[in-house]
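Structural description and commentary
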Amino acid sequence: MSEIHLEIDGQEVKASEGMTLLEAAKSVGIYIPTLCYHEKLEPYGGCRLCIVEVEQGGRTKLVVSCVYPVESGIVVRTRTEKIDRIRKMILELQLAHAPDSFELVELAKEYGADPNRFEKEASFCIHCGLCVRYCAEVKGKHAVGFIDRGTRKEISFIPEIAAQECWQCKECFELCPTEALQAAYVLTESLFSVNPPFKADTKH
Amino acid sequence: MDKQRIDQIIDNYHGEASYLIQVLLDIQSENNWLPKEALEQVSERLAVPLTRIQHIATFYKAFSLVPKGRHGIHICMGTACHVRGATRVLDAVQDLTGIKPGETDLDLKFSLETVNCLGCCALGPVVEIDGKTHGKMVPAEAAAVLKNYE
Amino acid sequence: MSLINSPAELETFRQGLVSQRDPNKPCITLCSGSACHATGSHDVATSLAAELEKQGLSDKVDIRRTGCHGFCERGPIIVIHPDEICYFQIKPEDVPEIISETIQNKKVIERLLFDDPATNEKIINESKIPFYENQERIVFGSNSSVDPKSIDDYLAIGGYSALTKALSTMSPEDVLEEVKKSNLRGRGGGGFPAGRKWEGSKNDPEPVKYVIVNADEGDPGAYMDRSLLEGNPHSILEGLTLGAYAIGSHEGYVYVRQEYPLAVENLNTAIQKAEEYGFLGKNILGSGFDFVVKVHKGAGAFVCGESTALMTAIEGRVGEPRPKYIRSNIKGLWEKPSVLNNVETWANVPLIINKGADWFAGIGTEGSKGTKIFSLVGKIVNTGLVEVPMGTSLRDIIFKIGGGIPGGRKFKAVQTGGPSGGCIPEELLDLPVGFDELTKAGSMMGSGGMIVMDEDTCMVDVARYFIAFLTDESCGKCVPCREGLRQMLKILTNITRGQGKPGDIELLEALSETAKEAALCALGKSAPNPFLSTLHYFRDEYEAHINEKRCPALSCKELISFYIDPSKCKACMVCARKCPADAIIGGKNKVHIVDQTKCTKCGTCFEACPPRFGAVTKLSGVPVPEPIPEEERTIRKRK
């Protein structure tokens, strides 16, 4: 693996080929906020919170650091006026869904995000995809997935699989930043309790 | 739709997972909707998780997870038709049928969809019912056109 | 064993075809593209065949059902060769007369000819009609000469000669160089130099490579690709094969919308025939080059027109775009180098190989070579598909070819580039059409949709329309697009309903910045364009909606009222009878009044009121005058 030299926030960083900017930053203790990143999962690039500025050949651009591969000689900045403005907006858009989420509230303090900038939305899922991806990539069970697209996108459990797998597992529960996942699971369970695909002894 | 027919469709594509969408399109076209049993069968034969199939069946507009009406009304909402007043035609059809785009009425008579450009912009606003194109539609004519369908 | 196995065999076959076709034999070509089909060309075709049979002429006259001729406003269209007599808006009832008068008696039927509104003269020949005369139909023109279901028709006009030339006299590098030299830029929207894209794939060490046709034409109002695929599918297959040869690919895909059933059908027929004849498959024309093409249908998602989403869909997944930090011509379909180009781009390739890069580069401007096919639609007299050299002015396209705005209304803006583009106002009408020129004006070329708008179009509503479209089509993966568009739609909808507030424009601008900078794909990044461009050129309309609750174009339903001017109403009862909501109180000799509580703003009364009265008016931003007292409503007739 060849070594790649780049600069992040004024610091010289030695990274190996194939690393992402986020991994390179982490390796030298530089913090970049994320919502949809998890070290056990493939990078998703959905929340866009980890955007950073990359300067190369006299031009600058904004890229998503959890996905962008390291390149020789680039200059990276993790905080600029524009980046902060965009992160603030992203947080405000998410806070409209989940104003009580611990992660969002903490980040909101850092970026001065106003939880009331937008009217509250009905669904408090923020589509980080951690639950779906964890169940697919780490557990291989595919008990929960996405449905539909755009503003109608939601997470959805497959009741038959959930009945067999979830009660013993629930490892995804602690990943959810908003508890929308737990709510979805409980809803699925109660909807099918009338005609249970659930075994009697899993009822609590 | 019977299991054998679904197996035949899957065999047409040699059971290859990358043809998942083509398989579902064929089932949708013959059966007019995708029953859950069909999705489960496809999931098993193509070795693809049901969550992925569920996502595909809801992501793409061509698929329906519920039975559709006898007559499909497609109202073009492309830019050219929009500029010529398609929204007013849609309002009129919604009032007359009692359903909104994506819905089917209770008698399973009409299913209403909006589509983005049928490619006959010269005839805009365009309403297509059961494949037949009704051009230069105006709200006042909507009732007369819909009366023709049982 | 295919039918044709070498260039020499092809020449012999082609000459055989041409010698069998008597250029003086009468041939009736009937446009059978989807638009003419919608106006009844199928019935005309049946009538033609029946009438020829009846008059004993089936052997003496050919009928050819061709692809789209482009003049969609006047379909169904027939052109009678060899004299090129062009008749418009044909109905089955016209057929007997056409056969007896024009075919038998060689007389022209005046009422079916094109009537030039400028000179009031009738024009007989298709090529002399101003709509066609001002175009340069190097790509689209062949549509009128071939039956898309016949490979022989394509061969008779010289089809597959470019492929033969390339496989027998040129190396893959030669083909690539020619395309690079021509400066052909992608016709799908990005305008990226095709040759450079091809070169990236060609030079990649990975041996398995793909070539892909993007036929997921999703921009509403754009149907050029549909007409090319329906009308001349072999031209695209030939272009694709040339591209495959140039980069070293042996497997090609055509990703076509399932909403285009005729295009899918004609494409499948073309592939089957091409395989039979040996233009696809193993050892094409004895060159040793193998190439196969597979068709994948789309399932109804605009986002699948985005190149990475399209490739993901071919892999059998949901069409969620991938980050393009590593370009898809290096890592594309199944992580292999993949050259994806638009239908029209591929259709240009055989021309470039046959006539040379210099010929191609001689058409158009410095930055934009060749021609472009536009779908000219909306508030325009001559709706249809037009092909012009790059550099033609918007004014010429809209007025010279398009015939201007119908109903004597005034031009307001032309929208180009689909949901990623913007609106160009009157002061920029002399802009020469080209990739960079349109981008500088705040719009973009896009796939070629050109939607003309007049004084009755509300520009705020146009922005809202596009944001609504994109909100529906967004894949939903990233926050700036999914959530940003969600909020933009809310705000714009409120503005069109008279619920806009100060600060709305600034918030929309902030959301636009987030989407442009941080969205995952081009759909999200370009989504704010229609808003930003209408704000730039028509800011006054936004301010009127927000500050005065007034729609200057008198279009937004919640901001307008229909009011019958009592001084003009002649109590003819036409509007009252047609009103679908029974909202007009009227009677014979009694001035009519619109009951504002029942009115649904459908506009029927406005259309119905006889122009010589013009009594129905639209008001916005002002209160509706109280109805005049009962006694004054009676119209006294003068004796």
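What you see is a predicted model; the values in this text were computed from it and never measured.

**Some points on the overall build of chain A**
A count of helices and strands for chain A gives six helices and seven strands. When its helices and strands are written in sequence order, chain A yields β-β-α-β-β-β-α-α-α-β-β-α-α. Expressed as a percentage of its 204 residues, the buried residues of chain A come to 42%. Long-range pairs, those at least 24 residues apart, make up 53% of the contacts in chain A with a sequence separation of at least 6.

**Looking at the overall build of chain B**
When you go through chain B residue by residue, the secondary structure sums to seven helices and four strands. Across chain B, helices and strands are ordered from the amino to the carboxyl terminus as α-α-α-α-β-α-α-β-β-β-α. With the C-alpha coordinates aligned to their principal axes, the bounding extent of chain B is approximately 50 × 30 × 25 Å. Across the 150 residues that make up chain B, the buried fraction comes to 47%. In chain B, of all internal contacts separated by at least 6 residues, the share reaching a separation of at least 24 is 61%.

**Details of the interface of chain B and chain C**
In this assembly, 34 residues from chain B lie in contact with 42 residues from chain C. Looking at the side of chain B that touches chain C, the elements with two or more residues in it are helix H2 (20-31), helix H4 (50-59), helix H5 (79-83), helix H6 (86-97) and helix H7 (139-147) of chain B.

**Side note on the environment of Val23 of chain B**
All names here are of chain B. You can see Val23 is positioned in helix H2. Through-space distance from the C-alpha of Val23 to that of Ile75 is 27 Å; in sequence the pair is 52 residues apart. Discounting residues that sit within four places of it in the chain, Val23 has contacts with Ile9, Ile10, Tyr13 and Val42.

**Focus: the sheet that holds strand E1 (residues 71-76) of chain B**
All names here are of chain B. In spatial order, the strands read E2-E1-E3-E4; together these four strands make up an open sheet with mixed pairing. Edge positions in the open sheet fall to strand E2 (110-115) and strand E4 (132-134), since each of these has one partner strand only. Sheet twist, expressed as the average angle between the axes of neighbouring strands with direction ignored, equals 20 degrees. Of the pairings in the sheet, the one linking E1 to E2 comprises six bridges and is parallel in character.

**What about helix H7 (residues 161-169) of chain C?**
Ala162, Leu163, Thr164, Ala166 and Leu167 of chain C are the residues of H7 of chain C that are buried. Each element contacted by the buried residues of H7 of chain C is listed here: helix H1 (7-20), helix H8 (172-182), helix H11 (233-247) and helix H14 (343-355) of chain C.

**As for helix H16 (residues 394-401) of chain C**
Side chains of residues three or four places apart in an α-helix project in the same direction, reflecting 3.6 residues per turn. Residue and element names in this part refer to chain C. Along H16, the residues classified as buried are Leu394, Ile397, Ile398 and Ile401. Taken around the axis of H16, the buried residues stretch over an arc of 120 degrees, which confines them to a single face. Where H16 is buried, its residues meet helix H5 (130-133), strand E11 (371-378), strand E12 (384-389), strand E13 (411-416), strand E14 (422-425) and strand E15 (449-454). Immediately beyond the C-terminal end of H16, within one or two residues, lies Gly403, with a positive phi of roughly 80 degrees.

**Considerations on the domain arrangement of chain A**
Residues and elements named next belong to chain A. If you check the domain split of chain A, you get domain 1 (3-79) and domain 2 (130-202). Once you take the C-alpha centre of each, domain 1 and domain 2 turn out to be 32 Å apart. Taken together, the contact pairs seven residues of domain 1 with seven residues of domain 2. Classifying every residue of the side of domain 1 that touches domain 2 by side-chain character gives four nonpolar, one polar and two charged.

About the criteria used
Residues numbered from 1 in each chain as written. Chains lettered and ligands numbered in written order. Predicted model: local features only at pLDDT ≥ 70, side-chain atom pairs only at ≥ 80, totals over all residues. Helix = DSSP H or I, 4+ residues; strand = E, 2+ residues; numbered from the N terminus. Buried ≥ 20, exposed ≤ 12 C-beta atoms within 10 Å, placed from the backbone. Contact = placed C-beta atoms within 7 Å. Pairing = 2+ DSSP bridges. Axes fitted to C-alpha atoms, helices over the stretch in contact; angles between N-to-C directions. Arc of directions from axis to C-beta. Domains from an automatic or database assignment. Nonpolar A, V, L, I, M, F, W, Y, C, P; charged D, E, K, R; others polar.

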